Amino acid sequence: MRFWIRVFTAAGLLVVGLQVLFALEWLPVATFAESNLTNNEVRLQKLYRNRDAGLVVLGSSLAGRLPELAFPEEWKAVNLGLDGGNPAFGAGLLLRWNVEPAMVVVEGNSIAKERSGNDPVLEERIRSLTFRRSPWMAPWRAERRPLSVLYSWLKTRKDEAVAGNGETGAGARLTAAVMVTQPGDEELLEGRMIPERLQALRDEGAEVLILMAPDGGASRSEEYRVARAVSARTGIPVLDVKGKLDEESFRYTDGLHLSPPSARRVVKLIAEALDPHRSE
Amino acid sequence: MLFNSWVFLCLLLVTLAGYYAIPRGAWKGRIQALLLTAVSFFFYAWENPPLVLLLAVSVTGNAGFAYGMIHRILGGRSPRAFLTGGILFNLALLGFFKYAGLFAETFFRGAVFEAPRYWFGSIPLPIGISFYTFQAISLLADLRTGRKTGVESLIRDVQNRSFLRFTTKVAFFISFFPQLIAGPIVKAHDFICQIGPRHPGQIRWDSALRQLLLGYFLKMYVADNLKEITSLLGTPNMEFMAKGDLVCILYAYSFQIFADFAGYSLIALGLAGMFGYALPVNFHFPYMAASVTDFWRRWHVSLSSWLREYLYFPLGGNRKGERRTYLNLFIVMFLGGLWHGAAWSYAIWGGAHGVLLAVERRLFRGSLEAMPENRWWRFLRIGLVFHVVSALWLLFLMPDFAQARRYVELLLTKGWDIKFQFLFVFLVYGTPVILYHLVYYLENMARAAERWKGLRQRWEWAAYALMLALIFTNSGSPGRFIYFQF
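These figures come from a predicted structure and were not determined experimentally.

Participant: Even after reading the chapter, I still don't get the overall build of chain B, so can you show me in this structure?
Facilitator: When its secondary structure is counted, chain B shows 22 helices and zero strands. Against the compact-globule benchmark of 23 Å for 486 residues, chain B has a radius of gyration of 23 Å, which places it among compact chains. For chain B, the spread of C-alpha atoms along the three principal axes comes to 70 × 65 × 50 Å. For chain B, buried positions account for 56% of its 486 residues. In chain B, 46 positive and 25 negative side-chain charges are present, and the distance between their average locations comes to 9 Å.

Printed below as a string of structure tokens:
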């Protein structure tokens, strides 16, 4: 009996102690996780808890690298760039959860993907008791998983070390979003959920922007066509960082995903596009 | 129903309360057995309610054949007809539900057979069928060999015309929920003799709780987290992986399948222990095996024991000359591999182990054990066996031959690199498996084993506390046990 009293007491102290460290911010919560599913859970739970977010980023792991803290603090940015994800899924969640952000940034690099293999798994996680209770049961939050915290810390250090702290060398500054004037291919939008969902977000008062993010020079011809078609139908502007600036002037951790300094640079460009009067 | 689900926890608590609330009396044991049988059927029906009819058919059919055998034995006549019929009945169930699709794919080729191929391929695979049909065969075989210990109570029940008691015992033995879905495969003579009334004071709660905690840790913390990277192996993902990624994931799977299956077995032992029943230990530190022969004395012990007793020995075992022994080893392991799944890759996996067993016997019989005990030589052998076993797990991880072949091609052609994410997951979540085996080594093979044992006993509570905390805060996403698919 004494054995089990020790076990449960020690386990309880460990769990409570961890939560105290998180609450005092002596231990940072995880911004990345060691598995794609947990990574996505961290982001989904964060949005679920912060339904008064002022800016939401939708997309895949590409947009997922845009640091929330690099956005102006008063915007209360939440990044829903999901590993293996797509903006249609994220937009659907915003509508379902009645999240009405003032600004929505949609990753154009994955706009052509309407469904991912991950989507049913994520839906199941969202329905789970653990997820629904996570706003109140802090120990159950994915961002507080001890090994995810460790992974996030190690990965952030590694990415910063690889990329260095210097400027990306991105030259021309985009001072205004590119408004698409020529009509896109309407047929491309048949059966797609993304135009209606983005239009619904606009109707709720959100300022929506489609971002073509630098991704190491990957070919995105279909995505560009879909982005232009959505823009033509809905009037949503396209911020074409990928096309307008030299992609080699950005740094990547793996040839595809932006390094932390480059990601911060892109966030700055987004902020300027959304609020041109914003001073540095 | 997963063992690591809220629904199961509620069911367990309610069942425990009801089980021990039954007042003492002549009928207590029978009511307890009936209660557990009913709960077991409910447990089985949760996944797919119509398939509980199959379990009922299996129980009824086997009870009928067992009754027929005992009736013949008591009448001084041969029970062979009922034994043969019973075994064929079980094999027919297994063959139809599990292997019909494979049979159709293999032998009904061509467009003209498309309809039957589709129909056979659509037959659902009832969860746990491989396990409970083997247990049922064990019951019939034990009755035939006239084992007086273990199954004699069944013979008495038939003699006394206690049909309810007889049928309850058979149903309970076949359907007992801790081992129903994924083992351990229990032999009738080990279980039937245990059936009887239980009181809370008789239960070894400490042992049961330790098994449960360790089992849940291996499953929820180790296996469920490792699967987040092993599930990525397949087309098209592996086309983008480097050599290091491919190797890392294969060894991660080696740890995952151990943690998943051993975890399940420990949970089954713990659950059964809470109701007062002892199930056989299924894993005995398998990655400390210094030979393939030794590996099969440590991995899925209940299956290898069943195969040895009910297949290898009836085939002649090692009593009909060396060549026949090698053939018997191959046949047993080939069929044992096929038991795991309706795909030729599993049969090849089993056959490969059979060949290794035969080769070991041919080249090293007796000499391995006769070698002087040298720590480094032993480490070398342990490492070699681990790598060979892990390489063969590829056929489990990728039952599709085309994918397995592509994996090998990529392994040979890709450059050496490894993703930080994969390395982290493998090292962090694989370490408990290494530590688990290391503890065994330190307490059994190392110098100052007694000192290590004392150390472990002093600090065991801290290890269990850490495991409990990690289960609570760092479990992977719930996933089915790997062996559910068998």
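Participant: Teacher, can you tell me more about the packing of aromatic side chains here?
Facilitator: Between two aromatic rings, the relevant description is the distance of the centres plus the angle of the planes. All names here are of chain B. What the rule picks out here adds up to 68 aromatic pairs over all chains. Between F285 and Y440 the ring centres are 4.4 Å apart and the planes differ by 20°, which places this aromatic pair in the stacked class. With F285 in the loop between α12 (243-274) and α13 (292-298) and Y440 in helix α21 (residues 420-444), this residue pair connects regions lying 155 residues apart in the sequence. F285 gets classed as buried once you look at its relative accessible area, which sits at 17%. Taking relative accessible area as the criterion, Y440 reaches 12% and is therefore assigned buried.

Participant: For this particular structure, what's the right way to read the pairing of strand β4 (residues 207-212) of chain A?
Facilitator: The side chains of a regular strand alternate between the sheet's two faces. All names here are of chain A. The element β4 is largely enclosed, with a buried count of five among its six residues. With five bridges connecting them, strand β3 (residues 103-107) and β4 associate as parallel partners. Bridge pairing in β4 places V105 opposite L209. For β4 and strand β5 (residues 238-240), the ladder comprises three bridges, and the chain directions are parallel. Bridge assignment links L211 to a residue of β5, and that residue is L239.

Participant: I would appreciate a short explanation of the packing of helix α3 (residues 52-74) of chain B against helix α7 (residues 152-159) of chain B in the present structure.
Facilitator: All names here are of chain B. Following both chains from N to C, one finds α3 and α7 inclined at 75°, their axes separated by 10 Å at the closest point. Taken together, the axis directions place α3 and α7 in an arrangement best described as roughly perpendicular. Where α3 approaches α7, its residues Y67, I70 and L74 are matched on the opposing element by L154, I155, V158 and Q159. For the contact of α3 with α7, the class distribution of residues is six nonpolar, one polar and no charged.

Participant: Which parts of the structure should I look at to understand the pairing of β3(A)?
Facilitator: Residue and element names in this part refer to chain A. β3 sits mainly inside the fold: five of its five residues count as buried. Burial of β3 is two-sided: the residues M103, V105 and E107 facing one way and the residues V104 and V106 facing the other way are all buried. In the sheet, strand β1 (residues 55-59) pairs with β3 via four bridges, with the strands oriented parallel. Within the sheet, the bridge partner assigned to V56 lies in β3 and is V104.

Participant: Would you mind going over helix α5 (residues 118-127) of chain A with me for this structure?
Facilitator: All names here are of chain A. Along α5, the residues classified as buried are D119, L122, E123, R125 and I126. Taken end-on, α5 shows its buried residues confined to a sector of 160°, consistent with a single buried face. The outward face of α5, more than 90 degrees from its buried face, is lined by the exposed residues P120, E124 and R127. On its buried face, α5 sits against α2 (36-49), α4 (87-96) and α6 (129-133).

Participant: I'm lost on the environment of L94(A) in this one. Help?
Facilitator: Residue and element names in this part refer to chain A. Turning to its location among the elements, L94 is positioned in helix α4. Judged by its relative accessible area of 0%, L94 is buried. For L94 and V56, which are 38 residues apart along the polypeptide, the C-alpha to C-alpha distance reads 8.9 Å. Setting aside its immediate chain neighbours within four residues, L94 contacts L47, V56, L58, V99, P101, V104 and L201.

Participant: Where do I start with the sheet that holds β4(A) in this structure?
Facilitator: Each strand in a sheet pairs with its neighbour through backbone hydrogen bonds, running either in the same direction (parallel) or in the opposite one (antiparallel). Residues and elements named next belong to chain A. Read across the sheet, five strands follow the order β2-β1-β3-β4-β5 without closing on themselves; strand pairing throughout is parallel. Whereas interior strands pair on both sides, the edge strands pair on one side only; in this sheet they are β2 (77-81) and β5. Direction aside, neighbouring strands of the sheet carry axes that sit 20° apart on average. Inspection of the sheet shows β1 paired to β2 by five bridges, in the parallel sense. Each residue of the ladder has a partner; that of L55, found in β2, is A77. Here α4 sits on the sheet and contacts β1, β2 and β3; the angle it forms with β1, its principal contact strand, is near 145°.

Participant: How do you make sense of the side chain of S477(B) when you look at a structure like this?
Facilitator: With respect to the element layout, S477(B) can be found in the segment after α22 (449-474). Within the structure, S477(B) has its side chain in polar contact with the side chain of E228(B) (distance 2.8 Å). In this view, S477(B) contacts L37(A), R125(A), D224(B), K227(B) and E228(B); residues no more than four positions away in its chain are not counted.

Participant: Sorry, what's going on with the interface of chain A and chain B here?
Facilitator: Interface extent is often summarised as the accessible area lost during association of the parts. The interface is formed by 26 residues belonging to chain A together with 30 residues belonging to chain B. A buried area of about 2500 Å², summed over both sides, lies between chain A and chain B, and 73% of it is on carbon and sulfur atoms. For the pair chain A and chain B, the number of links is eight residue pairs in polar contact (both at pLDDT 80 or more). Examining the composition of the side of chain A that touches chain B, we find that nine residues originate from one element, helix α1 (residues 2-23) of chain A, more than from any other. Classifying every residue of the side of chain A that touches chain B by side-chain character gives 17 nonpolar, three polar and six charged.

Participant: Just checking my understanding: could you explain the nonpolar core for this structure?
Facilitator: Soluble globular proteins tend to pack their nonpolar side chains together in the buried interior. Y277(B), Y287(B), W299(B) and W393(B) are the most contacted members of the largest nonpolar core, which has 170 residues in total. The biggest single contributor to this core is α12(B), with 21 residues. In contact with W393(B), other than residues within four places in its own chain, are Y253(B), S254(B), I257(B), Y287(B), F295(B), W299(B) and W349(B). Ranked by size, the runner-up nonpolar core spans 40 residues in total, among them A88(A), F89(A), I111(A) and V238(A).

Participant: Any chance you could explain the environment of L269(B) here in plain terms?
Facilitator: All names here are of chain B. When you line up the elements, L269 lands in helix α12. Along the sequence, L269 and F173 sit 96 residues apart, while their C-alpha atoms lie 15 Å from each other. Leave out the neighbours within four places in its chain, and L269 touches P184, Q211, L279, P280 and V281.

Participant: Help me understand the pattern of salt bridges, please; the structure alone is not making it clear to me.
Facilitator: Two side chains with opposite charge may pair up if their charged atoms get near one another. All names here are of chain B. Following the criterion strictly, the structure yields 26 salt bridges over all chains and no others. Measuring nitrogen to oxygen at the nearest pair gives 3.2 Å for the salt bridge that ties D294 to R298. On the criterion of helical spacing, the pair formed by D294 and R298 is a turn pair, its members being four residues apart in helix α13. Neither residue differs from the other here; D294 and R298 are each classed as buried.

Participant: It is not clear to me how a nonpolar patch on the surface should be interpreted in this structure. Could you clarify?
Facilitator: A cluster of nonpolar side chains, contributed by V16(A), V20(A), L21(A), L24(A) and W26(A), occupies part of the molecular surface with about 500 Å² of accessible area. Under the relative-accessibility criterion, L21(A) is labelled partly exposed at 31%.

Participant: Could you clarify how one ought to interpret unusual backbone geometry in this entry?
Facilitator: Only a minority of non-glycine residues have a phi that is not negative, and only a minority of peptide bonds are not trans. Along the chain, G183(B) connects to P184(B) via a cis peptide bond; the corresponding omega equals 5°. For P184(B), the location among the structural elements is in the loop between α9 (177-180) and α10 (188-191). Even without being a glycine, E25(A) presents a positive backbone phi close to 60°. Here E25(A) lies in the loop between α1 and α2. Residue class for E25(A) comes out exposed when judged on its relative accessible area of 70%. In this model, F285(B) sits at a positive phi of 50°, which is unusual for a non-glycine residue.

Criteria and thresholds
Per chain, the residues get numbers from 1 upward, laid out in the order the sequence is written. Lettering for chains starts from A, numbering for ligands starts from 1, and both go in the order in which the items are written. With the structure being a predicted model, the display of local features is reserved for residues of pLDDT at least 70 and the display and counting of side-chain atom pairs for 80 or more, all residues being used for whole-chain, interface and lining totals. With hydrogens and water set aside, each side-chain value is computed from the structure's full complement of heavy atoms. Secondary structure follows DSSP: runs of H or I at least 4 residues long count as helices, runs of E at least 2 residues long count as strands, and numbering of each begins at the N terminus. Here the globule rule is a power law, 2.2 Å times the number of residues to the power 0.38, and the radius of gyration is based on C-alpha atoms. Only protein chains enter the accessibility calculation, which uses a 1.4 Å probe. A residue is then buried if its area is under 20% of the maximum for its type, exposed if over 50%, and partly exposed in between. By the counting scheme adopted, Arg and Lys are positive, Glu and Asp are negative, and His together with the chain ends is not counted. Charged side chains are reduced to one point each, which is NZ for Lys, CZ for Arg, CG for Asp and CD for Glu. Only the six-membered ring of Trp is used, alongside the rings of Phe and Tyr, when aromatic pairs are assigned; centres must lie within 6.5 Å, and planes under 30 degrees apart are stacked while those over 60 apart are edge-to-face, with the rest tilted. Note on pairing: two strands pair once DSSP finds at least 2 bridges between them. Convention adopted: a line fitted to C-alpha atoms gives each axis, helices being fitted over their contacting stretch, and angles between N-to-C directions are expressed from 0 to 180 degrees. Roughly parallel means an angle under 35 degrees; roughly antiparallel, over 145; roughly perpendicular, 65 to 115; everything else is oblique. By definition, residues are in contact when any of their heavy atoms lie within 4.5 Å. Amino acids are sorted into nonpolar (Ala, Val, Leu, Ile, Met, Phe, Trp, Tyr, Cys and Pro), charged (Asp, Glu, Lys and Arg) and polar (every other residue, Gly among them). The directions from the helix axis to the C-beta atoms are what the arc is built from. Under this definition, polar contacts are N or O atom pairs within 3.5 Å; protein pairs additionally need one hydrogen-donor-capable and one acceptor-capable atom, and for neighbouring residues in sequence, both atoms have to be side-chain atoms. The quantity reported as buried area is the accessible area (1.4 Å probe) lost by two parts once they are put together, taken as the sum for both. The set of buried Ala, Val, Leu, Ile, Met, Phe, Trp, Tyr and Cys residues whose side-chain atoms join them within 4.5 Å is what this entry labels a nonpolar core. The term salt bridge refers to a pairing of a side-chain nitrogen on Lys or Arg with a carboxyl oxygen on Asp or Glu at a separation within 4 Å. Only residues whose relative accessible area exceeds 30% and that form no salt bridge enter a patch; like-charged residues are grouped when within 9 Å of one another, and nonpolar side chains (Val, Leu, Ile, Met, Phe, Trp, Tyr) when within 5 Å. With residues, only the protein chains shown are counted as cover, and all accessible areas are computed by Shrake-Rupley using a 1.4 Å probe.

All we've got here are geometric facts, nothing functional implied.
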